[in-house]
Protein chains: 2
Amino acid sequence: MKKQKISDAVIHRLPRYYRYLDDLHNKGVVRISSNSLGSRMDITASQIRQDLSCFGEFGQQGYGYNVAELRAEIGHILGIDNGHRLIVIGAGHLGHALLQNFDFAKVGFQIDSAFDVSPDLIGTTIRDITIHSMDELDSYVEQYRPDVAVLTVPQSVAQPLADRLIDLGIRGFWNFTNVELSTHVPGVFFENVHFVDTLLTLSYRISRN
Amino acid sequence: MKKQKISDAVIHRLPRYYRYLDDLHNKGVVRISSNSLGSRMDITASQIRQDLSCFGEFGQQGYGYNVAELRAEIGHILGIDNGHRLIVIGAGHLGHALLQNFDFAKVGFQIDSAFDVSPDLIGTTIRDITIHSMDELDSYVEQYRPDVAVLTVPQSVAQPLADRLIDLGIRGFWNFTNVELSTHVPGVFFENVHFVDTLLTLSYRISRN
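Residues numbered from 1 in each chain as written. Chains lettered and ligands numbered in written order. Predicted model: local features only at pLDDT ≥ 70, side-chain atom pairs only at ≥ 80, totals over all residues. Heavy atoms only, no water.

**Q** Looking at this structure, I do not really get the overall build of chain A. What am I missing?
**A** Secondary structure assignment for chain A yields eight helices and nine strands. Structurally, chain A occupies a C-alpha span of about 60 × 45 × 35 Å along its principal axes. Out of the 209 residues in chain A, the part that is buried amounts to 52%. Taking the contacts inside chain A whose residues are at least 6 apart along the sequence as the reference set, 59% of them involve residues at least 24 apart. As displayed, chain A has an accessible area near 10,000 Å², and 47% of this comes from carbon and sulfur atoms. Within chain A, the 24 negative side-chain charges are centred at a point lying 11 Å from the centre of the 19 positive side-chain charges. (Helix = DSSP H or I, 4+ residues; strand = E, 2+ residues; numbered from the N terminus. Buried < 20%, exposed > 50% of the residue type's maximum accessible area, 1.4 Å probe, protein only. Contact = heavy atoms within 4.5 Å. Areas by Shrake-Rupley, 256 points an atom, 1.4 Å probe, with all protein chains shown as cover. Lys, Arg positive; Asp, Glu negative; His and termini not counted. Charge placed at Lys NZ, Arg CZ, Asp CG, Glu CD.)

**Q** Can you walk me through the pattern of salt bridges in this structure?
**A** Pairing is possible between side chains that carry opposite charge, provided their charged atoms lie close to one another. Residues and elements named next belong to chain B. Here the structure, examined in full by the defined rule, presents 20 salt bridges over all chains. Between Arg 13 and Asp 51 there is a salt bridge, with its nearest N and O atoms 2.6 Å apart. Of this pair, Arg 13 sits in helix H1 (residues 8-26) while Asp 51 sits in helix H3 (residues 45-53), and the two are 38 residues apart along the sequence. Considered together, Arg 13 and Asp 51 belong to a single accessibility category, that of buried residues. In this structure, Lys 106 and Asp 22 form a salt bridge, with 3.0 Å as the shortest nitrogen-oxygen distance. (Salt bridge = Lys/Arg side-chain N within 4 Å of Asp/Glu carboxyl O.)

**Q** Help me understand the sheet that holds strand E3 (residues 84-89) of chain B in this model?
**A** Hydrogen bonds between backbone atoms are what pair the strands of a sheet, whose relative direction is either parallel or antiparallel. Residue and element names in this part refer to chain B. Taken in spatial order, the seven strands of this open sheet run E5-E6-E4-E3-E7-E8-E9, and their pairing is mixed. The two strands at the open ends of the sheet, each matched to only one other strand, are strand E5 (125-126) and strand E9 (189-192). Relative to strand E4 (residues 109-116), E3 is paired through six bridges, and the arrangement is parallel. Paired with Val 88 across the strands is Ala 114, a residue of E4. (Pairing = 2+ DSSP bridges.)

**Q** Looking at this structure, I do not really get the packing of aromatic side chains. What am I missing?
**A** For any pair of aromatic rings, geometry is given as the distance between the ring centres together with the angle between the planes. Within the structure shown, the criterion is met by 19 aromatic pairs over all chains. Ring geometry for Tyr 140 of chain A against Tyr 144 of chain A: centres 4.6 Å apart, planes inclined by 45°, an arrangement best described as tilted. Of this pair, Tyr 140 of chain A and Tyr 144 of chain A both sit in helix H6 (residues 137-144), four residues apart, which is roughly one turn of the helix. For Tyr 140 of chain A, a relative accessible area of 13% translates into the label buried. In this structure Tyr 144 of chain A comes out as partly exposed when scored by relative accessible area, which is 41%. An angle of 25° between the planes, with centres 5.6 Å apart, marks the rings of Phe 195 of chain A and Phe 195 of chain B as stacked. Taken together, the residues Phe 195 of chain A in helix H8 (residues 195-208) and Phe 195 of chain B in helix H8 (residues 195-208) connect one chain to another. (Phe/Tyr/Trp six-rings, centres within 6.5 Å; stacked < 30°, edge-to-face > 60°.)

**Q** Please explain the interface of chain B and chain A as it appears in this structure.
**A** Accessible area lost when the parts come together is the quantity often used to give the size of an interface. Between chain B and chain A, the contact holds 59 residues from the first and 59 residues from the second. Around 5,300 Å² of area is buried between chain B and chain A when both sides are counted, 68% of it from carbon and sulfur atoms. In this structure, the connection of chain B to chain A is made through eight salt bridges. One salt bridge in this structure joins Glu 180 of chain A and Arg 19 of chain B, with 3.5 Å as the shortest N-O distance. Inspection of the chain B/chain A interface yields 23 residue pairs in polar contact (both at pLDDT 80 or more). Secondary-structure elements contributing two or more residues to the side of chain B that touches chain A are H1, helix H4 (67-78), E3, helix H5 (93-101), strand E8 (172-175), E9 and H8 of chain B. Residue contributions to the side of chain B that touches chain A peak at 14 residues, all from H8 of chain B. In the side of chain B that touches chain A, the residues fall into 32 nonpolar, 16 polar and 11 charged. (Buried area = accessible area lost by both parts, 1.4 Å probe. Polar contact = N/O pair within 3.5 Å; in protein donor to acceptor, adjacent residues only side chain to side chain. Nonpolar A, V, L, I, M, F, W, Y, C, P; charged D, E, K, R; others polar.)

**Q** When you look at the relation of the copies chain B and chain A in this model, what are you seeing that I'm missing?
**A** With an RMSD of 0.0 Å, chain B superimposes on chain A once it is rotated by 180° and translated 0.0 Å along the axis. One copy is carried onto the other by what is essentially a two-fold rotation axis. The position closest to the rotation axis in chain B is occupied by the C-alpha of His 93 of chain B, lying 2.3 Å away. (Least-squares fit on C-alpha atoms with pLDDT ≥ 70 in both.)

**Q** Looking at this structure, I do not really get the side chain of Asp 116 of chain B. What am I missing?
**A** All names here are of chain B. Along the chain, Asp 116 falls in strand E4. At a separation of 2.6 Å, a polar atom in the side chain of Asp 116 contacts the main-chain amide nitrogen of Ala 91. Dropping the residues within four chain positions of it, Asp 116 is found in contact with Gly 90, Ala 91, Gly 92, Leu 121, Ile 122, Ile 131, His 132, Ser 133 and Met 134.

**Q** Teacher, can you tell me more about the environment of Tyr 17 of chain B here?
**A** Residues and elements named next belong to chain B. Position of Tyr 17 relative to the elements: it lies in helix H1. C-alpha separation for the pair Tyr 17 and Leu 70, spaced 53 residues apart in sequence, amounts to 9.2 Å. Separated by 2.7 Å, the side chains of Tyr 17 and Asp 51 make a polar contact.

In structure tokens:
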């Protein structure tokens, strides 16, 4: 695999490639041309070829891509075979929805545990995941060393909680709080989920029509 | 304003511009250079200038952008002053979380109503929004003509429900179902929220580190 600096734009397209290829694979499609994949994804064939060239040689002139192989390769690049483990912090409605409906295993994540402050929730389970008290968080993280924390907590506690988890060794945050988290600790990654972006895109499209 | 075909990539960056400018505005920042805005957003200054040039003339050589003005202009381009009205379909955990926590008004949307099939939810309210029976959906939409439907329903009903709503005149769908919806009716827009994309980006980053 080539060693080069991959741009954020390319990195952000990789999950979309994976989703489309996974969907094609599930539909039994065996191969696809970059033109055909591009037209489904609304990007150009040359963009696809250029993006993939950052990671190696894929596809074959005149044949296109083998869907199963390219899906597996991109999954590997994305690290879905690394067995990442995560904890969910905040089991309110959004946390509950994720625990109940989101298919973490499909993208290689294992949910270890969930945490909340509410006495009504502590000790209950959602799809076999027990919700623990936040008082147990530190000792849990020290003992089991999860890779990622999913934050669905109130905005006011987001940054102090992230700081606490970084001190405990967590390096990845899937952040639903809409707070822009930051840290001076190197090697810590925040991925923020901004629901509003897609709603604003929709607003743009219906306004222009 | 120039009339030209705006690329999807530009359209998808507009909400991010709006978010960053709104944040700067809330922090009392009066002006900002394209270099400084670019470094916060992790894109190049020339990309910003090029994106904005699709919509007109903004900023001033040597001064930069007036934050309040540019925020208002981009908000206008995004249609947040158009008073779009929406309904939420599905008041399970995810729908509940959106109704309870998402600041629709901040981006110019008014929630009219919510709908669910569950007898336990019908007639209850979340932040003053009453949850109605799905049986009332058709007559409600015919009478009040909302612009957008937020779909947080099970996957199996997503496409038939969208078809039904399109027949009733709804033209925008904020789709949380992970089903790729489609229609032959022109002028209908789907914006799909794929939680998994950001989780896979995070997976990539922690795997590479």
